[in-house]
Amino acid sequence: MHHRNDSEALFVLLTRRQNNRIRIMCERADRVGWRPVDGERADASSVLEVVAGRCEEGISAPRCEYSVNAPGLPNPDMLRLDVCVDGRAVEFAGVVRDGRAFIDEAGFETFGRLVDLLLAGPEMIAAGAAGPWSDRIRRETHMYVREAGGEWLSLGRGPGRTRTPAEDPRATPLLAALTTDHAPVVAGTTPAADEPRARARAWAETMRRGGWRAVVRRTKRGELGLEVLAEVARKHPGVPRQRCAYVLTGDPRVPEALRWRSDELYTSWSKFDFLVDLRGLDDPRLPADAPLDDPAAARAAKAADVLAGTAPGAMDTLRALTTVASVYERTWEPTRPVFVVRTFRGLPNPPARPLDEIVTMLQGNPDDGALWLETGFAAYDACLLHVTDTAFRRATELGAGGGLPRLWRAWLSCRHDPHRALRESDVAATEGGVTGAARHLQAHVHEALLRDPDTALGYYAQATADGSGSVGAWIDHGALLLRRSRHDEAIRVFTEALEQHPDGRLWHWLGYARLMAGETDAALDCVEQALRVRPGMVREIVDDNDLAPLREHPRFRALPALAEEYAGPYHRAVRAGLRPDGERTPPRTDPAAAVAAVERLRDTYSNYEPCVVEAKRLGDGTIDPTLRAVLAKVGLPRYMGTFHVAHEITHGDQALQRYSGGENPDGWGGLSQLGSFYEDPYRGVAVDGETGEVFVTRHDRPPTYLAPDVATFLATLCEEAGEHEWRIAPNGLDRLDDVSGIGAGRLRLIVDGLDEVDRARLILFLKRHGALLYHLEMKRFGFTRTDFSGFDFAAHCPNLRVLNLRGATVDESVFAHPALERFALEEGHYRGARDIRVGTFVDVDGRDGTRLREISFRDCVVEADTLLVGPHARLVDFRNVLDEDYSEAFPGRLEFAGCEDLHRIHINAVTYWELTLRGHLPRLREVEQDATPYGAFTSTVVDASAKDEARYLRLIKKGTDFTKYW
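The structure displayed is predicted, hence computed values, not measured ones. Note on numbering: residues in each chain are counted from 1, in written sequence order. The predicted nature of this model means local features are confined to residues of pLDDT at least 70 and side-chain atom pairs, given and counted, to a pLDDT of 80 or more, with totals for whole chains, interfaces and linings taken over all residues. Remark: hydrogens and water are excluded; side-chain values derive from all non-hydrogen atoms of the structure.

Novice: Explain the overall build of the protein residue by residue, including any values.
Specialist: Numbering of helices and strands runs from the N terminus; a helix is a DSSP stretch of H or I covering at least four residues, while a strand is a stretch of E covering at least two. Helix and strand counts for the protein stand at 30 helices and 42 strands. Evaluated residue by residue, the protein yields a buried proportion of 53% over its 966 residues. With an accessible surface of roughly 41,900 Å², the protein has 50% of that area assigned to carbon and sulfur atoms. Only protein chains enter the accessibility calculation, which uses a 1.4 Å probe. A residue is then buried if its area is under 20% of the maximum for its type, exposed if over 50%, and partly exposed in between. Accessible surface area values rest on a Shrake-Rupley calculation with a 1.4 Å probe, where residue burial reflects the displayed protein chains alone.

Novice: Quick one: what's the story with the pairing of strand S29 (residues 802–806), residue by residue and with numbers?
Specialist: Here, strands pair whenever DSSP counts at least two bridges between them. Where strand S27 (residues 773–778) and S29 come together, 4 bridges link them in parallel fashion. Looking at the pairing, His-775 lines up with Val-802 of S29. Two strands pair when backbone bridges link them, and S29 and strand S31 (residues 822–826) are joined in this way by 5 bridges, in the parallel orientation. Bridge pairing links Leu-803 to Phe-823 in S31.

Novice: How would you summarise the sheet that holds strand S32 (residues 829–831) if you had to cite specific residues and measurements?
Specialist: Strand-to-strand pairing in sheets goes through backbone hydrogen bonds, with the strands running parallel or antiparallel. Read from one edge to the other, the open sheet built from 4 strands follows the order S28-S30-S32-S35, with strand pairing classed as parallel. Strand pairing shows two members of the sheet lacking a second neighbour, strand S28 (786–787) and strand S35 (861–863), which therefore form its edges. Pairing of strand S30 (residues 808–810) with S32 involves 2 bridges; the strand directions are parallel. Each residue of the ladder has a partner; that of Val-810, found in S32, is Tyr-830.

Novice: Outline the sheet that holds strand S42 (residues 936–942), listing residues and values.
Specialist: Spatially, 5 strands are ordered S33-S36-S38-S40-S42 in an open sheet, and the strand pairing comes out parallel. Two strands in the sheet have a free side with no partner beyond their single neighbour: strand S33 (835–838) and S42. Averaged over neighbouring strand pairs, the angle between their axes works out to 10° when direction is ignored. Pairing geometry for S33 and strand S36 (residues 866–869), over 4 bridges, is parallel. Helix axes are fitted only over the stretch in contact, all axes being lines through C-alpha atoms; the angle between N-to-C directions runs from 0 to 180 degrees.

Novice: Report on unusual backbone geometry, specifying residues and quantitative values.
Specialist: Positive phi, close to 50°, is recorded for Glu-827, a residue that is not glycine. In this structure, Glu-827 sits in the loop between S31 and S32. For Glu-827, a relative accessible area of 16% puts it in the buried group. For Asp-859, which is not a glycine, the phi torsion comes out positive at approximately 55°. Looking at the element boundaries, Asp-859 is found in the loop between strand S34 (854–858) and S35.

Novice: Report on the packing of aromatic side chains, specifying residues and quantitative values.
Specialist: Centres within 6.5 Å make a pair out of two Phe, Tyr or Trp rings, where for Trp the six-membered ring is used; the pair is then stacked when the planes are under 30 degrees apart, edge-to-face when over 60, and tilted otherwise. Tallying each qualifying case throughout the model produces 23 aromatic pairs. Measuring from ring centre to ring centre gives 5.0 Å for Phe-92 and Trp-133, while their planes differ by 80°; the resulting arrangement is edge-to-face. Separated by 41 residues along the polypeptide, Phe-92 in strand S5 (residues 88–95) and Trp-133 in helix H5 (residues 130–140) bring together distant segments of the chain. The same class applies to Phe-92 as to Trp-133, namely buried. Ring geometry for Phe-788 against Phe-791: centres 5.6 Å apart, planes inclined by 70°, an arrangement best described as edge-to-face. A single burial state applies to Phe-788 and to Phe-791, both of which are buried. In textbook terms, an aromatic cluster arises when at least three aromatic residues are bridged by ring pairs, as seen for Phe-377, Tyr-380, Phe-392, Trp-408 and Trp-411.

Novice: Can you explain helix H15 (residues 435–449)? Please cite residues and give values.
Specialist: With 15 residues, H15 extends 21 Å between its outermost C-alpha atoms, agreeing within 8% with the 21 Å of an ideal straight helix rising 1.5 Å per residue. Burial analysis of H15 places 12 of its 15 residues in the buried class, the great majority of the element. What H15 keeps buried is the set Gly-436, Ala-437, Ala-438, Arg-439, His-440, Leu-441, Gln-442, Ala-443, His-444, Val-445, His-446 and Glu-447. If you follow the buried residues of H15, they end up packed against helix H13 (404–413), helix H14 (418–431), helix H16 (453–465) and helix H17 (471–483). To estimate the expected span of a helix, count its residues, drop one, and scale the result by 1.5 Å. Contacts between residues were defined by any pair of non-hydrogen atoms, one from each residue, lying within 4.5 Å.

Novice: Describe the packing of helix H7 (residues 194–209) against helix H8 (residues 295–309), with residues and values.
Specialist: Contact geometry for H7 and H8: axes closest at 9 Å, N-to-C directions at 15°. What the angle tells us is that H7 and H8 run roughly parallel. Crossing of H7 over H8 shows right-handed handedness. Note on element contacts: H8 touches H7 through Ala-296, Ala-297, Ala-300, Ala-304, Asp-305 and Leu-307, opposite Arg-199, Trp-203, Thr-206 and Met-207. Taken together, the residues of the contact of H7 with H8 sort by class into 7 nonpolar, 1 polar and 2 charged. Angles below 35 degrees are treated as roughly parallel, those above 145 as roughly antiparallel, those between 65 and 115 as roughly perpendicular, and all remaining angles as oblique. Here a crossing is called left-handed whenever its near helix is offset anticlockwise from the far helix by less than a right angle, and right-handed whenever the offset is clockwise. Polar here means any residue outside two lists: the nonpolar Ala, Val, Leu, Ile, Met, Phe, Trp, Tyr, Cys and Pro, and the charged Asp, Glu, Lys and Arg; Gly therefore counts as polar.

Novice: Now, about H17: what can you tell me, with residues and values included?
Specialist: The terminal C-alpha atoms of H17, which comprises 13 residues, lie 18 Å apart, in line with the 18 Å expected from a rise of 1.5 Å per residue. Within the span of H17, buried status applies to Val-471, Gly-472, Ala-473, Trp-474, Ile-475, Asp-476, His-477, Gly-478, Ala-479, Leu-480, Leu-481 and Leu-482.

Novice: Give me the lowdown on the side chain of Arg-439, citing residues and values where you can.
Specialist: Summarising the element assignment, Arg-439 is placed in helix H15. Under the relative-accessibility criterion, Arg-439 is labelled buried at 16%. Excluding anything up to four places from it in sequence, Arg-439 contacts Asp-426, Ala-429, Tyr-459, Gln-462 and Ala-463.

Novice: I'd love a proper account of the pattern of salt bridges, names of residues and values included.
Specialist: Each salt bridge in this description consists of a side-chain nitrogen of Lys or Arg and a carboxyl oxygen of Asp or Glu lying within 4 Å of one another. Counted under the stated rule, the structure contains 54 salt bridges. Asp-116 is paired through a salt bridge with Arg-28; the nearest N and O atoms lie 2.5 Å apart. Within this pair, whereas Asp-116 is found in helix H3 (residues 109–119), its partner Arg-28 is found in helix H2 (residues 16–31), the two being separated by 88 residues in sequence. Accessibility expressed as a relative area gives 18% for Arg-28, which makes it buried. Note that Glu-140 and Arg-113 form a salt bridge whose closest N and O atoms lie 3.2 Å from each other. Here the residue Glu-140 occupies a position in helix H5, and Arg-113 occupies one in helix H3, the gap between them amounting to 27 residues. Taking relative accessible area as the criterion, Glu-140 reaches 8% and is therefore assigned buried. With relative accessibility at 25%, the residue Arg-113 sits in the partly exposed group. Through salt bridges with shared partners, a single ionic network connects Glu-65, Arg-80, Asp-82, Glu-91 and Arg-146.

Novice: Help me get a handle on the pairing of strand S23 (residues 694–698), residues and values and all.
Specialist: A regular strand carries its side chains on alternate faces of the sheet. Within S23, 5 of the 5 residues are buried, leaving the element largely enclosed by the surrounding structure. Residue alternation in S23 divides its side chains into two sets, Val-694, Val-696 and Arg-698 and Phe-695 and Thr-697, and both sets are buried. Across 3 bridges, S23 lies against strand S24 (residues 704–707) in antiparallel orientation. Bridged to Val-694 within S24 is Ala-707.

Novice: Please give an account of the confidence of the model for the protein that cites residues and values.
Specialist: Residue-level confidence of the predictor, termed pLDDT, takes values from 0 up to 100. Residues at a pLDDT of 70 or more form 76% of the protein, whose mean pLDDT is 78. Confidence, expressed as mean pLDDT per element, reaches its minimum in the protein at helix H1 (residues 8–13) with 35 and its maximum at helix H19 (residues 504–516) with 94. Note that pLDDT drops below 50 for residues 99–107; the model gives that stretch 20 contacts with residues more than four away or on any other chain. Predicted confidence for residues 842–848 stays below pLDDT 50, and this span has 17 contacts to residues more than four positions away or in other chains.

Structure, rendered in structure tokens:
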């Protein structure tokens, strides 16, 4: 980990959360080509990380800095971007910690997004997208801006329109131009953004030639998160209006896009509103013979051709756009590209390796047609249809796969250019290997798109004539005959198909055809046979409205029981065929390795809430006995990286969701759901209750093989971590006997439910091995207290940074601990020196011997007369909440003198006290006091300048009014 200051003292200063932020910042900066730098600062110990980036046109010397307690900033914990715009220095800053709220309450993803946005700032400003860019930052946190040497101007937080300081007399013309809703290009004020505007003009002209008309904007006020460069619209009779705009988004993932929308409903509550990515920054980097000079312009031109030529229906337009570029729903955080599921079921789609793996191999073998072919299938699995089209075009040029890649390209184009699809399918049929599929696609185009069923029947006959037709081709052929009331011909088609493909779907359709022909008993025979062949179809058959005349028949009512009878062997056979290398039995993981995997898993994800999985509910053959014991003891975290434990586990029901055999897709029967992946919640992880094998389940598809057992799967989620977390209950005290492998200051200890004897054993452990701890959290058991009044935490736990006690007695030693940063005492007792002092003496580094940043008392008896926080303290937050039942003892005098870092004072106590604010408190932002209903307090300001005194009195009044209101 790189730190701005190499001294060990700085590392001790940082909290665990700040160290994680630094790690995230370094990783995100490295991804986009920024590099760590050193530089002079007035207070070097307050600057945690500085990175410098590449220059953009009109932007020089960009620097991004993560600072804590740096002088001159409006908040003590901020991310700051310094850029030079046309020779003038401008600073942007986003708040990381805001007294009450952390930007990363839900984890570090929000902080990572803020880092990404600030690092993208120079590019966004140079492109003329400063307004949308600042909108996105404000959505994450409070934002400030200033010119060098000027005053910080607040742009606010949230998606409202409060960000423009144009009306603020303190705003310079440069700041006003950079932050208004519609940021024009003003010579000498903002950098030119000629390239995207030139692309927008060319695109708009192409769209007008294609029949779209220009939209004249009545106002210069832009939409939040978007800068519109050009906009067009079209309206066909009887079809909802469509609009399309060339926009800058301010989002580093999709900075330049087409916003396409339609008045037609996309879902029951929303209309079509999508972004077509023109830059393709997240697309895989495919090797190209001649790289394009301007890929964004090429994508925009291709999108214009598609929009001009496609049918006016919104869904057809959306399908066509997905073949041009990644298409995202228009949200603040574009995540996954839109994927329109194909409706043509005759397309060969062999399995492929992951896209990243194939692309890496392709870089070294750019002329390998087989790799290009597999890239196309992998891109389709990754929902990137435009990459699929590119890969199949290259595979066709290299002569790989016969007519298969050309057939895929024909299908990709059929929605917006059906005649081209017919021509390409003809060529694909002559190239070999896909004759039946090509004729099937031609039949599909004639039937579904050109509304020519007679011609379609001819192509269906060709698709199935030589026996090369797929099950889908036979089904579509027979279904069209049924729709045209040619029942006998349909029965003949399905009967002939079953001779080649004994598939449950064909039996289902044959049953329907027999029913239409008036053959009830024969229809029941067919649907029963369908379930014997494929039990997972039971729900599809039972709910089929076309079979409604059979529902009252006893044999039809017995179908679920019949499916359940055949389900077990069928699903087991399906999963057995998925094992690699045709293994008959799955390999087993060594028990010791299994235990180690779960231990690493728990240690790695120790910040997340644990949810115990009772292994007995997994079945005897699922997990080896040793791993079963570990799982029952430590459980699985609710969130494990990108893996989420199943809903049934996280909400109290310890039983895993089990899929019965009768109503599930092929291979699902007998599986128990472990959880799902964060990036794709529809892709689940399930375990076979008999063999212990782990499979991936997705939508209505058969499962895919993932791991031989649960332990192996868990090991794939584990990373070696230096920190350890122990959660100790009475039945887990034996863990205290083995501390091997734990370094000093690397143990987080959480204790709950210990009686008096157990607590004595814990204190003995702290005396012997307290140096291992960096975090100690102890919860109360019953009405007895743990007595730490004679326990010297500084001597026995020198690396302790967090101390959180409930129902304990402590003395003044906790306030003199040299490493402790956060101290919280709840329903506890302080018994020690009558004067509690923090920061009243100076050590060798110019500060006091403690590093306490947070002190919290809640319902505590504090036997002291005075609490004094002196000018050398690092205290940021002081809290005291005191119910009337605990008000028998509390310091009557609290004084905060010259505390440079102090941000918040919160006292809510039913007692009497006097608060004194002394000297200069530069970062003080909140003073909340409440003594109702039986207490009282006074507030005094001493030795402060007139400006400081007025500010303190405002804060005191504001805090008092706030507590009265609530």
